[in-house]
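# Results of the structural survey
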Amino acid sequence: MQPQLIRDLQALLAPGAVLYSAEDLMLYEYDGSVDLGSPRCVVFPSSAHDVSGIVKLANRYETPIVGRGAGTGLSGGAIARSGGIVIVFSRMNRILEIDEANLRAVVQPGVVNLDLSRAVEHLGLFFAPDPSSQKACTIGGNVSENSGGPHTLAYGVTTNHVTGIELVLTDGEIVRIGGKNIETAGYDLDGFLVGSEGTLALVTEITVRLMRKPEAVKTLLAVYDTLDDTTESVVDITVRAITPAACEMLDGFTLRAVEDYVHAGFPKDCAAVLLIEVEGLKEAVEAQAAEITEVCREHRAREVRAARTDQERNLLWRGRKEAFGAMGRISPMYYVQDGVIPRTRLPETLRRIEEISKKYDLLIGNIFHAGDGNLHPLILFDERDAAQFARVVAAGGEIMRHCVDVGGALTGEHGIGMEKNELMPLIFTSDDLALMERVRSAFNPASLLNPGKVLPMGKACGEIRVPQSPAATAMAT
Amino acid sequence: MSQHTQALFTRLEEIVGGPYVVTEGAEISAREVCGMLPAVVVRPANAAQIAEIVQFAATEKLAVIPTGGCSKLGIGSPPSRFDIALDLSRLNQVLAYDPKDLTLGVEPGVRIEDLLRTLGEQRQFLPLGVPFADRATIGGIVAANSSSPLRHAYGAVRDFCLGMEFVTGEGAQAKSGGRVVKNVTGYDLHKLLIGSLGTLAVITRINFRTFPMPQAQKTFIASFSSAEAALDFCRSVAHSVLTPQLVEVADPSAGQLIFSGEAFARISPGLWSVIITAAGQPSVVDRYAHELGHMAAAASAAEFVPVEEDAHFALFERIQEFPRLALEAAPQAAIFRLSALPNAMPSLISKLTAIAKQSHADVATLARASGILYAVFVAESSESLESLAAAIPEVFRACSQPEMQASAMLEWCPKELKTAPEVVWGPVRPDFELMNRVKKSFDPQNVLAPGRFAGGI
């Protein structure tokens, strides 16, 4: 990279806000996915003005730019696959305003998801999107990926909670769209930009909705001896129009790893459990909990129990949210999938995943948002075993194809990124992709912003050519 | 008719078949958009025919406007051209409805009444309590992003639409989103089509999540002597643990339109009414009755009355039809759709009242808890449009005040007043350039509803 660019960035930004030594850059080569990419430098802006200046320099030096929050993403969204400048938003981490009367907060993109909920807890409020990584992930990242979480079943994903954003466009211009109001006359640019994975503009400020905490919460744990009984219960809960706030499934294999780590009291000898939460007025919670218990019992749950204390409830949720981490105790690496299926297809899909696990001789744990059909099969592997990794990627591809075949989608909340961009033609025609490409070019004409993400590489004419992601290449073949 | 025009009609007949091309009569006049009539109404059978028509229109430099029930063609600024009205009434099938999965895929020409009936048979619904429900089609409702009082509890189309298929201004068939309830695969292009008034693409399929009907519902009306008192009561409800299905605040004039018939004879005229519906298990609804009664008393409500069972749906219908009722009462009305924060609502309403007074007009307001406010301006002297012409820019000016932070769009007004896009959409905003880029990506040759959108898009 041109040393002049580094000097220009240093002149633009605060002291210590530019990293370029090999050992510093190593920390920014990866995110929560299995892909890697080395930036040429990493910068830490303090304001939208800084971001605008960086973008202008990137244009002058024709260098790619990739936005990054906490790097917890699971599809390579924050990886500099074409090198260039990684913009880390950790210094833009202030909650600018909490507007209790109107139930809004204005935050900088580097604010950690859980920190916002903590900051408004004393007001009886919370920020609804709750990805499992919420202790670390940033709201800017949530906006880029349109993140979900267990409670999106009741509250929706990030896009349902964003009313306004400030953007830095690829020419460095700073623009505001939306605001605090629920709608603004004109095209719904907020709705379109949330979830665009940092490929259309850089987000420098976000206005979000805050929710009032429910009066009562009840967390149920239903324990099963067969996977089929578990999945049939989920189907039946949906069919009977019961709407829990969350409905998570953990299979026995995953549970055992989690229990050894978290000691939440999960039974280690079962086939699977459902972790179901109901929220609302206490009358509604009691009525729904009773209905859910009845459904689970009808499907031969051997036990349905309610968390008796907040501590018990938190422990159950800790088990769920730290399940990915617990996997680290039994495998050096895992590859997490994010397919979505119609909820009624859960039983056959879980059976299919079991078959795939046997076919490729791989351990696959299942822990996922059952209530909205969003699967997270975790394929365990050792990255030192190249042959095994090839099987992992093939198995992942087969699970993905199954999701598409039953009318589902490639990703429910983790994003396409550089992991699944070559799989986009499984869902979209060349006309669909050509239009997406045209809209991207309208915002990001030189493909400087997060190149090689979301759309298949072949589609982007002017795009900087970079090597394929190993996962994407293997899965697409 | 010129030879060229005849050739155009012949070509359209080749695409859709002779009986589906209409060049005169009531079909044409029903599709008037701000005083402009199309040369031809074409009724395609499917997306492929729509694609062919749009390609043909692009080649011939003709302007196309998609139409459904023709109830909302008056919304938007006047088109710069209008040649072909696409009548989507033949695309009227429910393509996929999986009640067990609570998902639905429909063609745009399905009437909302028919759709809600189909869903109702499974005790499900879409939270679209929208005006002109006897004629409105789902495609039109989405394209106009019609306001529903149920948004407060269930969100708007942007929140429960899962994906769409559509034909772009170049006649390409495309889609985005999907059919599952959670999905981040690719760009959410369909979000841009919601409320786009047909300026980006012709919608050919819409996928939704559906909602289970609540076991029980009950509506209550609390009446107050002032706007402040009524809005204070709303704020106390919003700050409680209650999450009603809808909360609407009608000023005395709006109340007159909404409360008609014997069932509402008890409602005193001249008061501000807060209409609240509770939904859920019977025990939940009972609790609302109890708590709302207490809160209304604490807020010094003049009255607090439960609505009788048989009047509940009639009242809901009148609330959802508010803009239509206002237009029927005063065809020359100017109806703003505003979006404001709860805290700004009282000062916005008083400002609107002041603007009306200055301009020799009357104003009626209906505020929704979701943050949407309808304001109906009617000139004191119904022959004169001058007072409305004076009031309209003042409303936009008031909204742009920093303490107000409101957004406004003039949904309905006499067409003679629509002399520029700003009359309808207000002053051009800084993000207009981005909207223009979106338009050019979808419709580079400006074939679809040119001029009907903000900034003259």
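Criteria and thresholds
- Residues numbered from 1 in each chain as written.
- Chains lettered and ligands numbered in written order.
- Predicted model: local features only at pLDDT ≥ 70, side-chain atom pairs only at ≥ 80, totals over all residues.
- Domains from an automatic or database assignment.
- Contact = placed C-beta atoms within 7 Å.
- Nonpolar A, V, L, I, M, F, W, Y, C, P; charged D, E, K, R; others polar.
- Core = buried A, V, L, I, M, F, W, Y, C linked by C-beta atoms within 7 Å.
- Buried ≥ 20, exposed ≤ 12 C-beta atoms within 10 Å, placed from the backbone.
- Axes fitted to C-alpha atoms, helices over the stretch in contact; angles between N-to-C directions.
- Helix = DSSP H or I, 4+ residues; strand = E, 2+ residues; numbered from the N terminus.
- Parallel < 35°, antiparallel > 145°, perpendicular 65-115°, else oblique.
- Left-handed = near helix turned anticlockwise from the far one by under 90°.
- Pairing = 2+ DSSP bridges.

### Comments concerning the domain arrangement of chain A
Residues and elements named next belong to chain A.
- Assigned domains within chain A: domain 1 (3-88), domain 2 (95-212), domain 3 (214-330), domain 4 (331-415) and domain 5 (421-463).
- Look at where the C-alpha atoms of domain 2 and domain 4 centre, and you get two points 29 Å apart.
- Contact with domain 2, which involves eight residues of that partner, is made by seven residues of domain 4.
- Here the residues of the side of domain 2 that touches domain 4 sort into three nonpolar, three polar and two charged.

### Details of the nonpolar core
- Core analysis: the biggest nonpolar cluster contains 307 residues, and Val273(A) and Phe377(B) have the highest contact counts within it.
- Residues in contact with Val273(A), not counting those within four places in the same chain, are Leu221(A), Ala222(A), Val223(A), Tyr224(A), Leu250(A), Leu255(A) and Phe266(A).

### Describing the packing of helix 14 (residues 345-358) of chain B against helix 15 (residues 386-400) of chain B
All names here are of chain B.
- Put simply, helix 14 and helix 15 touch, their axes get as near as 10 Å, and they point 155° apart. One way to sum up the angle between helix 14 and helix 15 is to call them roughly antiparallel. Crossing geometry of helix 14 relative to helix 15 is assigned as right-handed. Together, Lys351, Leu352, Ile355 and Ala356 of helix 14 and Ala391, Glu394, Val395 and Ala398 of helix 15 make up the contact between the two elements.
- Partitioned by chemical class, the residues of the contact of helix 14 with helix 15 number six nonpolar, no polar and two charged.

### With respect to the sheet that holds strand 14 (residues 272-280) of chain B
Residue and element names in this part refer to chain B.
- Read across the sheet, eight strands follow the order 15-12-14-13-17-18-16-19 without closing on themselves; strand pairing throughout is antiparallel. Only two strands of the sheet have a single neighbouring strand rather than two, namely strand 15 (303-306) and strand 19 (407-412). For this sheet the average axis-to-axis angle between neighbouring strands, irrespective of direction, equals 20°.
- Sheet topology places strand 16 (residues 334-339) next to strand 19; five bridges connect them, and they run antiparallel. Counterpart to Phe336 in the pairing with strand 19 is Leu410.
- Sitting on the sheet, helix 14 touches strand 17 (361-368) and strand 18 (372-379), and the angle it makes with strand 17 is about 160°.
- The strands touched by helix 15 within the sheet are strand 16, strand 17, strand 18 and strand 19, with strand 19 carrying the most contacts at an inclination of about 155°.

### What to know about the pairing of strand 17 of chain B
Residue and element names in this part refer to chain B.
- For strand 17, the buried fraction is high: seven of the eight residues fall into the buried class.
- With seven bridges connecting them, strand 17 and strand 18 associate as antiparallel partners. For Ala367, the partnering residue across the bridge sits in strand 18 and is Leu373.
- If you look at the hairpin formed by strand 17 and strand 18, you'll find three residues sitting between the two strands, and Gly371 has a positive phi there, around 110°.

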